[in-house]
Amino acid sequence: MLKNNRGFSLIELMVVVAIIAILSTIAIPSYNNFQAKARQKEGFAMLSAYYTAAQATRAEFGSFPGNFVETGFQPTGQLRYRVTSADNAGFQVPYGTRGPACNSTSAVCPCVPVCAPLYESVWTDIPSVAGSVGSIAPVACAPGATNTTFTVCASGVVRTGGDADSYSMNQQKLLLMTNDGIN
């Protein structure tokens, strides 16, 4: 008699399915945490870019302007974090006229025609609706700017159903977490 057992038994298939289910219950939360931490780095990068632009402007003109246009800060693409700064009314560029302030990524910069097309529709703020991942107004942050100081803030939701993730940075590159959206 010829026996030809070429398949898996039902028990073997059930064991494999159980192992996959156990692994997925462990892996999915870890993957979600990994994604949230990666999104969190976008906020750090935005504040660091603003800091670099502000320091370069101060080196050239002797003070911090505060607004994006005169600072030279130009975010691009779809932003999960809303970045907000404050305009330093005491800053005057040594050439031309001062354009209207652009202090938040929540809207297209209103500086047309002074700085168009550079700051016209360069970024898209992804609003967080009902706890979804995206940008929100800064939480627990009061941005400000003077000739020798500035504070810039970034806020966003990095995990669906999570809290706001908010940071602030000043002219000394002191990064403060005002609200942790991961824990």
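Going by the structure above, here's the rest.
Residues numbered from 1 in each chain as written. Predicted model: local features only at pLDDT ≥ 70, side-chain atom pairs only at ≥ 80, totals over all residues. Heavy atoms only, no water.

Peer 1: Any chance you could explain the overall build of the protein chain here in plain terms?
Peer 2: Helix and strand counts for the protein chain come out as two helices and eight strands. The linear arrangement of helices and strands in the protein chain, starting from the amino end, is α-α-β-β-β-β-β-β-β-β. Counting across all 183 residues of the protein chain, residues that qualify as buried make up 38%. Sequence separation of at least 24 residues holds for 54% of the intrachain contacts in the protein chain that already meet a minimum separation of 6. (Helix = DSSP H or I, 4+ residues; strand = E, 2+ residues; numbered from the N terminus. Buried < 20%, exposed > 50% of the residue type's maximum accessible area, 1.4 Å probe, protein only. Contact = heavy atoms within 4.5 Å.)

Peer 1: Please explain the packing of aromatic side chains as it appears in this structure.
Peer 2: To describe a pair of aromatic rings, you give the distance between the ring centres and the angle between the ring planes. In this structure the tally under the stated criterion is eight aromatic pairs. Geometrically, the ring pair formed by Tyr 50 and Phe 68 is edge-to-face, given 6.2 Å between the ring centres and 65 degrees between the ring planes. You can see Tyr 50 sitting in helix H1 (residues 10-61) and its partner Phe 68 sitting in helix H2 (residues 68-71), a full 18 residues away along the chain. The same class applies to Tyr 50 as to Phe 68, namely buried. Centre to centre, the rings of Phe 68 and Phe 73 are 4.9 Å apart; their planes meet at 75 degrees, and the pair counts as edge-to-face. Each member of the pair, Phe 68 as well as Phe 73, carries the same accessibility label: buried. (Phe/Tyr/Trp six-rings, centres within 6.5 Å; stacked < 30°, edge-to-face > 60°.)

Peer 1: I would appreciate a short explanation of the pattern of salt bridges in the present structure.
Peer 2: Pairing is possible between side chains of opposite charge, provided their charged atoms come close. Under the counting rule described, the total for this entry stands at two salt bridges. Of the charged contacts in the structure, one is a salt bridge between Arg 80 and Glu 42, with a shortest N-O distance of 3.5 Å. Note that Arg 80 is positioned in the loop between strand E1 (77-79) and strand E2 (82-84) and Glu 42 in helix H1, a separation of 38 residues in sequence. Among the residues examined, Glu 42 registers a relative accessible area of 17% and is labelled buried. Notably, a salt bridge pairs Asp 125 with Arg 82, separated by 2.6 Å at the nearest N-O pair. A residue pair is termed long-range when its members are at least 10 positions apart, and Asp 125 in strand E3 (residues 123-125) and Arg 82 in strand E2 qualify at 43 residues. Each of the two residues, Asp 125 as well as Arg 82, counts as buried. (Salt bridge = Lys/Arg side-chain N within 4 Å of Asp/Glu carboxyl O.)

Peer 1: When you look at the side chain of Gln 171 in this model, what are you seeing that I'm missing?
Peer 2: Relative to the assigned elements, Gln 171 resides in the loop between strand E7 (165-170) and strand E8 (175-179). Judged by its relative accessible area of 19%, Gln 171 falls in the buried class.

Peer 1: Got a minute to help me understand the pairing of strand E6 (residues 150-157) in this structure?
Peer 2: It is a general feature of regular strands that their side chains alternate between the two faces of the sheet. By the criterion of burial, E6 is predominantly enclosed, with seven of the eight residues buried. Sheet topology places E2 next to E6; three bridges connect them, and they run antiparallel. Across the sheet, residue Thr 84 finds its bridge partner in E6, namely Cys 153. Bridge count between strand E4 (residues 134-135) and E6: two bridges; the pairing is antiparallel. Bridge pairing in E6 links Gly 134 to Val 157. Bridging between strand E5 (residues 144-145) and E6 involves two bridges; their strand directions are antiparallel. Each residue of the ladder has a partner; that of Gly 144, found in E6, is Thr 151. (Pairing = 2+ DSSP bridges.)

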